[in-house]
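# Fold and contact review
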Amino acid sequence: MNMNIFIPLIFGVVLGYALKNRGKQPNLERLTGLALLLMIFFLGVKTGKVKINGIWLLGTSILFALLTAGGSLLLALGVRG
Amino acid sequence: MRFLYLVLASLTAGFLVGRFYSPDFGNAYEIMLYIMIFLIGVDLGLNFRVGELRKMDRKALTLPVKTLVGSILGGLGVALLLSIEPKWGVVIGAGCGWYSLTGPLIAQYSAVYGAVGFLGNLFREVLTIIIYPVIIRWVSPEDAVSIGGATTMDTTLPIISRFGGRDVALLTFVHGFILTSIEPFLLPLILSL
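Helix and strand counts for chain A stand at three helices and zero strands. Listing every helix and strand of chain A by position from the N terminus yields α-α-α. Taking all 81 residues of chain A together, 38% fall into the buried category.

Every contact between the two is made by 64 residues of chain A and, on the other side, 88 residues of chain B. Of the roughly 6,700 Å² buried between chain A and chain B on both sides combined, carbon and sulfur atoms contribute 78%. Counting the contacts that link chain A with chain B gives one salt bridge. Between B:Arg162 and A:Glu29 there is a salt bridge, and its shortest N-O distance comes to 4.0 Å. Counting the contacts that link chain A with chain B gives ten residue pairs in polar contact (both at pLDDT 80 or more). Secondary-structure elements contributing two or more residues to the side of chain A that touches chain B are helix H1 (6-21), helix H2 (29-49) and helix H3 (55-78) of chain A. The residue makeup of the side of chain A that touches chain B, split by class, is 41 nonpolar, 16 polar and seven charged.

Before going further, it helps to examine the layout of surface pockets. Volume-wise, the largest pocket comes out at about 390 Å³. Lining the largest pocket are 18 residues, and of these A:Glu29, A:Thr32, B:Asp43, B:Ser161 and B:Arg166 lie nearest its centre. Sorting the residues of the lining of the largest pocket by element identifies H2 of chain A together with helix H2 (28-46), helix H8 (157-164) and helix H9 (166-192) of chain B as the ones contributing at least two each. At five residues, H2(B) tops the list of elements feeding residues into the lining of the largest pocket. Partitioning the lining of the largest pocket into residue classes produces eight nonpolar, six polar and four charged. Its volume calculated, the second largest pocket comes out at about 300 Å³. Lining the second largest pocket are 16 residues; nearest its centre among them are A:Thr47, B:Leu11, B:Phe123, B:Val126 and B:Ile130. Elements with a minimum of two residues in the lining of the second largest pocket: H2 and H3 of chain A together with helix H1 (2-21) and helix H6 (111-135) of chain B. Considering every element that reaches the lining of the second largest pocket, the biggest residue donor is H6(B), with five residues. Tallied by class, residues from the lining of the second largest pocket come to twelve nonpolar, three polar and one charged.

By the burial criterion, the buried members of helix H5 (residues 99-107) of chain B are B:Tyr99, B:Leu101, B:Thr102, B:Gly103, B:Leu105 and B:Ile106. Looking at the buried side of H5(B), the elements it contacts are H2 of chain A together with helix H4 (86-94), H6 and H9 of chain B.

Moving on, we get to H6(B). Counted at 1.5 Å a residue, the expected span for H6(B) with its 25 residues is 36 Å, and the 34 Å between its end C-alpha atoms agrees. A maximum bend of about 35° is found in H6(B) at B:Ile129, where proline B:Pro133 lies one to four positions downstream.

Right, let's get into the nonpolar core. Counting 75 residues, the largest nonpolar core has A:Leu43, B:Val91 and B:Tyr132 as its most contacted members. Counting contributing residues per domain, this core is built from domain 1 (1-50) and domain 2 (51-81) of chain A, each supplying no fewer than three.

Before going further, it helps to examine the confidence of the model for chain A. On average, residues of chain A score 84 in pLDDT, and 88% of them are at 70 or above. Mean pLDDT values for the elements of chain A range from 83 in H2(A) up to 93 in H3(A).

Cut-offs used in this document
Just so you know, the residues in each chain are numbered from 1, in the order the chain's sequence is written. In the order they appear in the text, chains get letters beginning with A and ligands get numbers beginning with 1. The predicted nature of this model means local features are confined to residues of pLDDT at least 70 and side-chain atom pairs, given and counted, to a pLDDT of 80 or more, with totals for whole chains, interfaces and linings taken over all residues. In computing side-chain properties, one takes all heavy atoms of the structure into account and sets aside hydrogens as well as water. Here a helix means four or more residues in a row that DSSP labels H or I, a strand means two or more in a row labelled E, and each is numbered from the N terminus. Buried residues are those whose accessible area, probed at 1.4 Å on protein chains only, stays under 20% of the maximum for their type, while exposed residues exceed 50% and partly exposed ones sit between those limits. Contact criterion: two residues are considered in contact whenever any of their non-hydrogen atoms come within 4.5 Å of each other. Note on terms: buried area is the combined drop in 1.4 Å-probe accessible area of two parts once they are placed together, counting the loss on both. Whenever Lys or Arg places a side-chain nitrogen within 4 Å of a carboxyl oxygen from Asp or Glu, that contact is recorded as a salt bridge. Side-chain atoms alone can form a polar contact between residues adjacent in sequence; in general such a contact is a pair of N or O atoms within 3.5 Å, and within protein one must be able to donate a hydrogen while the other accepts it. Residues were grouped as follows: Ala, Val, Leu, Ile, Met, Phe, Trp, Tyr, Cys and Pro as nonpolar; Asp, Glu, Lys and Arg as charged; and all remaining residues, including Gly, as polar. The rule is simple: put a 1 Å grid over the protein atoms alone, call a set of points where a 1.4 Å probe fits but cannot get out a cavity, call an open set with protein on both sides within 12 Å along at least five of seven lines a pocket, and count a residue as lining if it has an atom within 4 Å of a point. Grid points are joined across faces, edges and corners, and a volume is the space filled by probe spheres set on the points. What a helix should span is 1.5 Å times the count of its residues minus one. Two axes enter the definition of the bend at a residue: one is fitted to the seven residues ending there, the other to the seven starting there, and the bend is the angle between them. Take the buried Ala, Val, Leu, Ile, Met, Phe, Trp, Tyr and Cys residues and link them wherever side-chain atoms come within 4.5 Å; each set so joined is a nonpolar core. Domain ranges listed in this record stem from an automatic or a database domain assignment. A residue's pLDDT is the predictor's confidence in that residue, given on a scale from 0 to 100.

Structure (structure tokens):
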């Protein structure tokens, strides 16, 4: 994750806005779906290649994932404003 | 719902391929990510309305704070549960899913907790991809964005905007952007304590 992410995003927004102003409304659903599935596949490959040494490391990491995500969600739901 | 099964199948297939064949796809993941982000940008541009920005205002600022505090508390909870030094729990929690930053930063101080920081945050990203489409049946798509942490700016943005809807996409990006901007400063600060 880095700030390079802004480059394709800004290009996309500008292109989308230009297309909108020209009255064009392409359907991106299929293209986006396909790109997403490929991205998830490569993420899976990346995760699968991580060598995990020991049950403790695996269990602790999973517990951290569950409780940090859960803590964020609980606070988002519980604190209004 | 059918698309969720495709996502899970894709993730599982990728995991098995990575586990048993360890192929070198080079930068394929990053390239696909950039393509996805570009397409999301096009979609945002096509549907950009000033009114949506006004609707977003307060929630976009408060949600990242709740996400960060909740995540730190969750990390602290794990530390207390497993009798780990609280500092590691806090810093791993503060990572908010940004494994490529959290892992290497912690590894400067402890290789073991660096690995936990990396894996724990990587699993959070994977967990978000699997769980987000399901939990939005019970909680609002906006609140559910919090589980993705900093990853909502890029890697989990596609899945959230796909299942949460276009209205959530902008909030999701801003949520991830704020956390991504804070963390490179916050994590070294916690580690230096």
